[in-house]
Amino acid sequence: MSAAALVAVALSLVSAVAYAAAAVAQERLASKNSGAGLLRLLGSGAWWAAVGLNAGAALLHVVALKYGPLTLVQPLGALTLVAAVPMGARVAGRRVSATEWRGTALTLLGLGALLITASGPAPDRTLSLTEALAVAGTTAALIGVLSRPGSRPGLRHATASGFASGVASALTQTVTVAATDRSGPVLSTEVIVVALLVAAFAVGGLLLSQTAYRGGLGAPLAVVTLSNPVAAAVIGLTLLGQGLRDGATGILLALAGAVLASWGVVLLTRVTPPSPLIEPDDEHPVAAVLALEEARAAAQQALLPQQKPETEHLTSI
């Protein structure tokens, strides 16, 4: 592996840990404020901390895309799942279940197979403005379909978030390579337009993931982790000429990896985190104690035998 590829891998590792911490923070916010709107989130310091973690992770990801191709950098995002599942369990005060471990392992094993077959040289091709607009329009239409009202909105929103993030990474690589190419102007029309598309898809992916985490962390994050490199790989393979290694053998290995990763996602979708009977507000311990006392009083009242009210007899005058 070349020195540039090693730099890309190291930056991707740190980026994955930062993304994992941001995902855990978003999931905690979503569970406590399931009905909160965007304006309320904008007033939350914890939400802005999660945004800061996402921004730092994205910056590291951008630099990694300068040194490594999409097919190398994007699958390393699976390490976000490795870090986030035990991190989220610890924050929630529970142990990681055996199913979560199996799902995480299978997802990583599958994405590892994809990583081996899809690794390639440093990027040298970029999307043209027409290709970038076509990719953006297709992805926006797909996100609109996935975001429609219906059943299992969390997983659909997670898929849409992964697609948005994967396309944002592909467009980011185009901006990075084009902006650092000394043969043309740094702020050309192509660079500016594609940079605006990157910002739109990055913000859209962040908001979609925030809604997806309302149903828990494991399954939505697994879907984001899987759909993100899939979207980026499609662009890299079809538009950027980043092919698979080892010919037919590489294709079979990539398909096997996709099956294993999908199986891991299915296992994680079956995990339902236990919900506490009482969820007091952490910022008001007195209110929590009063809520507990009220619950005990209600339970004791339910155990007492019900007495029929005595009928009063009135004497007529």
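Everything discussed here concerns the structure shown above.
The structure contained in this document is the topic of the report that follows. Only a predicted model underlies this, so the values are computations on that prediction, with no experimental measurement involved.

**Some details on the environment of Tyr19**
Examined against the element boundaries, Tyr19 turns out to sit in helix H1 (residues 3-32). Each C-alpha atom, one on Tyr19 and one on Leu81, is 9.2 Å from the other, the two residues being 62 residues apart in sequence. Sequence-distant contacts of Tyr19, that is, excluding residues within four places in its chain, are made with Asn54, Ala57, Ala58, His61 and Thr80.

**Considering the pattern of salt bridges**
One pass over the full model with this rule turns up one salt bridge. Here Arg94 ties to Glu100 by a salt bridge, and the two come within 3.0 Å at their closest N and O atoms. Take Glu100: its relative accessible area is 3%, and that puts it in the buried class.

**Comments concerning the packing of helix H3 (residues 45-67) against helix H8 (residues 153-179)**
Across the interface, H3 lies against H8 with an axial gap of 9 Å and an inter-helix angle of 65 degrees. The chirality of how H3 crosses H8 is right-handed. In this structure, H3 contributes His61, Val62, Leu65 and Lys66 to the contact, and H8 contributes Ser169, Thr172, Gln173 and Thr176. Of the residues belonging to the contact of H3 with H8, the class tally is two nonpolar, five polar and one charged.

**A closer look at the packing of H3 against helix H9 (residues 189-212)**
Across the interface, H3 lies against H9 with an axial gap of 12 Å and an inter-helix angle of 130 degrees. Between H3 and H9, the interaxial angle falls into the category oblique. Where H3 crosses over H9, the handedness of that crossing is right-handed. Note on element contacts: H9 touches H3 through Leu206, Leu207 and Gln210, opposite Trp47, Val51 and Asn54. Across the contact of H3 with H9, the residue classes break down as four nonpolar, two polar and no charged.

**Re the side chain of Thr174**
Residue position: Thr174 is located in helix H8. Overall, Thr174 belongs to the buried group, its relative accessible area being 3%. Among residues more than four places away in sequence, those in contact with Thr174 are Thr126, Leu127, Glu190 and Val194.

**A closer look at the environment of Ser2**
Looking at where Ser2 falls in the secondary structure, it is placed in the segment before H1. Residues Ser2 and Tyr67, spaced 65 residues apart in sequence, show a C-alpha to C-alpha distance of 9.9 Å.

What counts and how
- Residues numbered from 1 in each chain as written.
- Predicted model: local features only at pLDDT ≥ 70, side-chain atom pairs only at ≥ 80, totals over all residues.
- Heavy atoms only, no water.
- Helix = DSSP H or I, 4+ residues; strand = E, 2+ residues; numbered from the N terminus.
- Contact = heavy atoms within 4.5 Å.
- Salt bridge = Lys/Arg side-chain N within 4 Å of Asp/Glu carboxyl O.
- Buried < 20%, exposed > 50% of the residue type's maximum accessible area, 1.4 Å probe, protein only.
- Axes fitted to C-alpha atoms, helices over the stretch in contact; angles between N-to-C directions.
- Left-handed = near helix turned anticlockwise from the far one by under 90°.
- Nonpolar A, V, L, I, M, F, W, Y, C, P; charged D, E, K, R; others polar.
- Parallel < 35°, antiparallel > 145°, perpendicular 65-115°, else oblique.

From the geometry alone we can't say anything about function, so treat these as descriptive.
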